[in-house]
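Spelled out from the first residue to the last, the chains are:
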Amino acid sequence: MPHQAIVDFAGGRGDLALALGWALKQRGYGERLTVVELKAEYVAQGQSRAAEAGLADTVSFVVQDLREYSESFDLAVACHSCGGLIDLILAKCLAAAQAGAAPSFALLTCCFGKIRKHAAPFGLTIPPAGGTAIAHAGDFWTLCGLADSARPHESSMAMRIINCDRIALCRRSGVWVDLRAIPREVTNKNLVLSDAVVAAKRSLPALPLALPLSLLAQDPAPQTAGVFRIVAVSDTHGRHHALRIPPGDLLVHCGDFTRAGEES
């Protein structure tokens, strides 16, 4: 059964939510998407974009710290939530699961170096699983530095170890979590934490979840008649000549297009 309440945590101007909302509306699904974003200017821009696209009845925006968001949800997504924001979103999903709600989630992990910046203000436990997979905080910070490095092999291994620590935390809480990889040609920060339900549904093209999550396989499935595929990328940092974009109907870039710049 399709999800009824989808929340895009730290969703910015709604790049992912608006693409999802448009695709779901085209297919006649009745889901409502909520973008939870702390920056009021991003929310204002997102609301304007939703109105222009005719999606104001499908995608809504709220200015709120995601830690204070108390509405129930069936699916949580995050496509470009940097550093420790992923840990906050994951904690919210785990809390909902322990309360019996058991929401699904698909969270793209990125910008590991920012976890150090977020650790104290967010009250994060470092390492996340308290030493289950990574023994010491010093080792964790070293891995964060390697995860953001320009050396592909070291970066990939460090990202996997950090996310395995997050998975250990989830499984200790009774929630089964998978780690899946988008091809690195699409984005350097290519690892997605997803619950078991999302992992199973990604192979079912009739479900709306198959739209973005079909990319979670190492080798994207061929185009299927009647399926609208969204290709979402991020963290390209000017390396667009090296991208290998899978076939799709709509390309969405979710952030960090260049290596430098200022907000306009």
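Residues numbered from 1 in each chain as written. Predicted model: local features only at pLDDT ≥ 70, side-chain atom pairs only at ≥ 80, totals over all residues. Heavy atoms only, no water.

On to the pairing of strand β1 (residues 5–9), then. Among the five residues that make up β1, four are buried, leaving the element largely enclosed by the rest of the structure. Direction of pairing for β1 relative to strand β2 (residues 32–37): parallel, over a ladder of five bridges. Bridge pairing in β2 links Phe9 to Val36. Handedness of the β-α-β unit built from β1, helix α1 (residues 15–26) and β2 comes out right-handed. (Buried < 20%, exposed > 50% of the residue type's maximum accessible area, 1.4 Å probe, protein only. Helix = DSSP H or I, 4+ residues; strand = E, 2+ residues; numbered from the N terminus. Pairing = 2+ DSSP bridges. Right-handed = clockwise from strand over helix to strand, strands pointing away.)

Counted at 1.5 Å a residue, the expected span for helix α2 (residues 40–52) with its 13 residues is 18 Å, and the 18 Å between its end C-alpha atoms agrees. Listing the buried residues of α2 in full gives Tyr42, Val43, Gly46 and Ala50. The buried residues of α2 occupy one face: seen down the axis, they fall within an arc of 95°. In α2, the exposed positions that point more than 90 degrees away from the buried face belong to Ala51 and Glu52. Packing partners of the buried residues in α2 comprise α1, β2 and β3 (59–63). Following α2 by one or two positions, Gly54 has its phi on the positive side, about 70°. (Expected span 1.5 Å × (residues − 1). Arc of directions from axis to C-beta. Contact = heavy atoms within 4.5 Å.)

In short, the description is geometric, and any link to function would need to be established separately.
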